[in-house]
Amino acid sequence: MIATENRTRYDEARRAMIDSQLRTSGVNEPFVLARMGTVPREQFVPEDQRAAAYADRAVRLPDGRALPAPVFHGMLLAEARPSSADRVLVVDGGSGYLPALVEPMVAALAVVSPEDAAAGRIKTNPTLVLVDGAIEHVPGPLVKKLAEGTRIVTGLVERGVTRLAVGRKAGGSLGLVGLAETGVPRLAAFDREAGWSF
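Residues numbered from 1 in each chain as written. Predicted model: local features only at pLDDT ≥ 70, side-chain atom pairs only at ≥ 80, totals over all residues. Heavy atoms only, no water.

1. Describing the environment of Leu179
Our working definition: Under the DSSP-based scheme used, a helix requires at least four consecutive residues in state H or I and a strand at least two consecutive residues in state E, with every element numbered from the N terminus. Note on definitions: a residue-residue contact is assigned when non-hydrogen atoms from the two residues lie within 4.5 Å.
Along the chain, Leu179 falls in strand β8 (residues 173-181). In the structure, Leu179 is positioned 76 residues away from Glu103 in sequence and 25 Å away in space, judged by C-alpha atoms. For Leu179, the contacting residues outside a window of four places in its chain are Glu79, Arg163, Leu164, Ala165 and Val166.

Shown next, in the form of structure tokens:
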């Protein structure tokens with residue numbers, strides 16, 4: 001009886017997340033709503049954090065990682081539009097939620113930690129990179145491993161503000177363009193090295 005009540009409560013929370021967070025933020029793409037309405041976020045956080053799984057904020061995980069707020073994942077998927085032709089590399093922020101959202105939609109999926117991605121330690125040739133957090137830049141070792149035309153959708157930290165951002169590798173380099181402002185946890189592995197300032 002308790003398990004059924006909990007399942008019903010989480011199902012209701014998932015529907016409320018779609019109606020009061022995603023739709024009101026302009027995330028209305030049917031494929032995004034279908035995936036986020038199906039994958040149970042509560043299974044990707046510790047048991048004592050499950051009540052906060054559908055809150056409009058990030059959920060901190062025990063190892064210092066985080067599950068970003070639902071709106072970030074909705075906006076990221078809507079902008080990325082992963083397809084059955086895509087080979088996707090997910091830089092996982094620590095929860096495993098984003099890979100679970102994406103896997104059924106794409107041709108192939110590889111998952112890597114922020115530390116391995118920033119160091120260019122990837123063993124795949126993605127057409128699309130999805131970063132489950134905010135980064136200051138795309139480090140050179142990762143850029144070198146990506147083929148021309150590879151797309152990236154990520155959070156971007158600029159002067160303390162986090163935004164959704166997109167980019168594409170062209171001419172050997174990869175720049176990011178910030179889009180909508182959205183709160184998303186920073187991935188320290190992608191911080192720029194501190195330099196001299198005067």
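Here the narrative resumes, following the displayed structure.
2. Brief notes about the pattern of salt bridges
As a reminder, the rule being used: One speaks of a salt bridge when a side-chain nitrogen belonging to Lys or Arg is within 4 Å of a carboxyl oxygen belonging to Asp or Glu. A simple rule labels every residue: compare its accessible area, found with a 1.4 Å probe on the protein chains alone, to the largest value its type can have, and call it buried under 20%, exposed over 50%, or partly exposed in between.
The full count for this structure, using the stated rule, is nine salt bridges. Of the charged contacts in the structure, one is a salt bridge between Arg65 and Glu115, with a shortest N-O distance of 2.8 Å. Placement of the pair is Arg65 in the loop between β1 (59-60) and β2 (66-67) and Glu115 in helix α5 (residues 114-118), with a sequence separation of 50 residues. Given a relative accessible area of 23%, Arg65 falls into the partly exposed group. Classification of Glu115 by relative accessible area gives partly exposed; the value is 36%. Ionic pairing is found between Asp86 and Arg151, a salt bridge with its closest N-O pair at 2.9 Å. Here Asp86 is found in the loop between α3 (70-80) and β3 (87-91), whereas its partner Arg151 is found in strand β6 (residues 151-158), with 65 residues between them in sequence. Exposure class is identical for Asp86 and Arg151. Each is buried. Each of the salt bridges in this network shares a partner with another, and the network as a whole consists of Asp11, Arg14 and Glu42.

3. Structural notes on the nonpolar core
Just so we agree on the cut-off: Here the nonpolar core consists of buried residues drawn from Ala, Val, Leu, Ile, Met, Phe, Trp, Tyr and Cys, with membership extended through side-chain atoms lying within 4.5 Å.
Core analysis: the largest hydrophobic core is formed by 39 residues, its most contacted members being Leu76, Leu77, Leu98 and Leu130. Those elements that provide at least two residues to this core are α1 (2-22), α2 (30-38), α3, β3, α4 (97-102), β5 (128-135) and β6. Looking at this core, the element that brings in the most residues is α3, giving seven residues. In this structure, Leu76 is in contact with Leu98, Leu130, Val131, Val153, Thr154 and Leu164, ignoring residues within four places of it in sequence. Counting 17 residues, the second-largest nonpolar core is a separate cluster that includes Leu89, Val112, Ala118 and Val138.

4. A short note on α2
Where we set the bar: What the arc measures is the spread of directions leading from the helix axis to the C-beta atoms.
Of the positions making up α2, those classed as buried are Val32, Leu33, Arg35 and Met36. Down the axis of α2, the buried side of the element spans an arc of 165°, and every buried residue falls inside it. Within α2, the exposed residues directed more than 90 degrees away from the buried face are Pro30 and Thr38.

5. Here we look at α3
α3 sits mainly inside the fold: ten of its eleven residues count as buried. Those residues of α3 not exposed but buried are Pro70, Val71, Phe72, His73, Gly74, Met75, Leu76, Leu77, Ala78 and Ala80.

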